[in-house]
Amino acid sequence: MRNTDVSGKPLPRKVSCSHGPIPWLLPLLVVLVLAFIYPTIEVIRYSFTDANLAKKTYTYTLKSYRTIFSNPSTYIILRNTFSFVFFSVVFQTLLGFLIALAVDKGEQMHLHGTVLVRVVTLLSWAIPGSIIGVVWTFLYNETGSGILVALLAKVGITKVTFLTNPKHALACAIVANIWRGTAQSMILTYAGLKTIPSDQIEAGNIDGANSWQRLIHIIVPAIMTVIGTNIILNTINTFNTFDMIVSLTGGGPGRATEVLALTSYNTIFSSRMLGRGSAYAVILLFINSLMAIGYFAVLKHREKS
């Protein structure tokens, strides 16, 4: 029988959690399956077909992968992608570290403006990638109204080419992406610097270590796990960069700035070759999976240390 109070009214039943967390996690699991797992499986499945958006029928084949790896332009795209990722990540990590170090030092010296520096740096992270591409397009404008062209003209440098020159376009895209991604590096590095015990720095001062020695032997080793995590996250984000390149160069001139994410998009929605575009996406998924495995390995190492 159901329990009652002194007035004879039935007491409300208590919610039991004896069934574990499954009922609470079930809605999240449904969303995860519908929004991520199922689309991913479909992309992988379509990559083994000759599906085309212009026709309803398709057959299962390895033709898409054979075509991709036998096409010389694929290796140009891979070269662009890895060059774009490598230089972006190196300078994003380095500049983010230097800015975080400067802000942290400024706070220790009670300098004014450290909050402003953090806010200005974070602005690049808050702006959508497509808008960043448009902004840098104005900066790289090679007509008289171009900001960089006007500045270079004042110091006697004329006839400068940016996005119209295949030899310069990728470097220009990398510079824009470095500006975009430095904020994340700064945030993570700044948080890592705040975890360093002050007594370690003081011990270094007592031992007579100069600024460079404290940086190399105390600060960097103390936040090495944070730096590793930062590098992996920057790498994953840069591999998936798509929106900024679309609005900045569209992959041109020619294929000078075309990367894997953009190739997959163009193949599916411009060329309407769903199977081949999915194969490009699977290659990118494979690369990102390797980066994710590295990220979790760093986290596991951090938990043990």
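This text goes with the structure placed above it.
Nothing here was measured: the structure is a model prediction, and the numbers come from that model.

**Q** Quick rundown of the overall build of the chain? Include the residues and the values.
**A** In terms of helices and strands, the chain carries 13 helices and zero strands. When the helices and strands of the chain are listed from N to C terminus, the series reads α-α-α-α-α-α-α-α-α-α-α-α-α. Taken over the C-alpha trace, the chain has a radius of gyration of 26 Å; the compact-globule value for 305 residues is 19 Å, which it surpasses by more than 25%. Projecting the C-alpha coordinates of the chain onto the three principal axes gives extents of approximately 95 × 75 × 35 Å. Carbon and sulfur atoms make up 69% of the accessible area of the chain, which amounts to about 18,700 Å² in all.

**Q** How would you summarise helix α4 (residues 114-126) if you had to cite specific residues and measurements?
**A** Relative to the 18 Å expected for 13 residues at 1.5 Å per residue, α4 spans 19 Å between its end C-alpha atoms, a close match to the ideal helical length. Listing the buried residues of α4 in full gives T114, T121 and S124. In an axial view of α4, the angular spread of the buried residues amounts to 80°, which keeps them on one side of the axis. Those residues of α4 that are exposed and aimed more than 90 degrees away from the buried face are L116 and A126. Packing partners of the buried residues in α4 comprise α3 (72-108), α5 (129-139) and α7 (166-193).

**Q** Can you break down the packing of α4 against α7 residue by residue, with the values?
**A** Closest axis-to-axis distance for the α4/α7 pair is 7 Å, and the angle between their directions is 125°. With respect to each other, α4 and α7 are oriented oblique. The handedness of the crossing between α4 and α7 comes out as left-handed. Contacts from R118, T121, L122, S124 and W125 in α4 reach W179, R180, A183, Q184, M186, I187 and Y190 in α7. Of the residues that constitute the contact of α4 with α7, the class distribution is seven nonpolar, three polar and two charged.

**Q** Pulling in residues and values, what's your account of the nonpolar core?
**A** Counting 19 residues, the largest nonpolar core has F84, W136, Y140 and L248 as its most contacted members. Taken together, the elements giving at least two residues each to this core come down to α5, α7 and α11 (243-248). The element that contributes the greatest number of residues to this core is α7, accounting for six residues. In this view, Y140 contacts L148, F162, L163, C172, V175, A176 and L248; residues no more than four positions away in its chain are not counted. Core analysis: the next-biggest nonpolar cluster, separate from the first, contains 15 residues, Y65, L78, A279 and V282 among them.

**Q** If you had to explain helix α9 (residues 211-222) to someone new, which residues and values would you point to?
**A** When the terminal C-alpha atoms of α9 are compared, their 15 Å separation across twelve residues agrees well with the 16 Å that a helix rising 1.5 Å per residue should span. Of the surrounding elements, those touching the buried residues of α9 are α3, α7, α8 (198-206) and α10 (224-239). N-capping of α9 is provided by N210, with a side-chain oxygen placed 3.2 Å from the backbone N of W212.

**Q** Let's hear about unusual backbone geometry: which residues, and what values?
**A** With omega at -5°, the peptide bond leading from G252 into P253 counts as cis. Along the polypeptide, P253 turns up in the loop between α11 and α12 (260-269). Backbone geometry places H110, a non-glycine residue, at a positive phi of 60°. Assignment of secondary structure puts H110 in the loop between α3 and α4. Take H110: its relative accessible area is 68%, and that puts it in the exposed class. Phi at R272 is positive, roughly 65°, even though this residue is not glycine.

Conventions and cut-offs
Along each chain, residue indices are assigned from 1 in the same order as the chain's sequence is written. Given that the model is predicted, a residue must reach a pLDDT of at least 70 before its local features are reported, and side-chain atom pairs must reach 80 or more before they are shown or counted; all residues, however, enter totals for whole chains, interfaces and linings. Excluding hydrogens and water, the side-chain figures rest on all heavy atoms present in the structure. Only DSSP runs of H or I covering at least 4 residues are called helices, and only runs of E covering at least 2 are called strands; the numbering of each starts at the N terminus. Between the two quantities, the radius of gyration covers C-alpha atoms and the globule rule is 2.2 Å times the number of residues to the power 0.38. Computed by Shrake-Rupley with a 1.4 Å probe, the accessible areas treat only the displayed protein chains as cover when residues are assessed. By definition here, a helix of n residues has an expected span of 1.5 Å times n minus one. Here the term buried applies to any residue with accessible area under 20% of the maximum for its type, exposed to any over 50%, and partly exposed to those in between, with areas from a 1.4 Å probe on protein chains only. Of all possible arcs, the one meant is that of the directions from the helix axis to the C-beta atoms. Note on contacts: a residue pair qualifies if any of its non-hydrogen atoms lie within 4.5 Å across the two residues. To get an axis, a line is fitted to the C-alpha atoms, and for a helix only the part in contact is used. The angle between two axes follows their N-to-C directions and goes from 0 to 180 degrees. Roughly parallel refers to an angle under 35 degrees, roughly antiparallel to one over 145, roughly perpendicular to one between 65 and 115, and oblique to any angle outside these ranges. What makes a crossing left-handed is the near helix being turned counterclockwise from the far one by less than a right angle; a clockwise turn instead makes it right-handed. Residue polarity follows a fixed list, in which Ala, Val, Leu, Ile, Met, Phe, Trp, Tyr, Cys and Pro are nonpolar, Asp, Glu, Lys and Arg are charged, and the others, Gly among them, are polar. Residues belong to a common nonpolar core when they are buried Ala, Val, Leu, Ile, Met, Phe, Trp, Tyr or Cys residues joined through side-chain atoms within 4.5 Å. In protein, a polar contact requires one atom able to donate a hydrogen and another able to accept it; more generally it is a pair of N or O atoms within 3.5 Å, and residues adjacent in sequence count only if both atoms are side-chain atoms.

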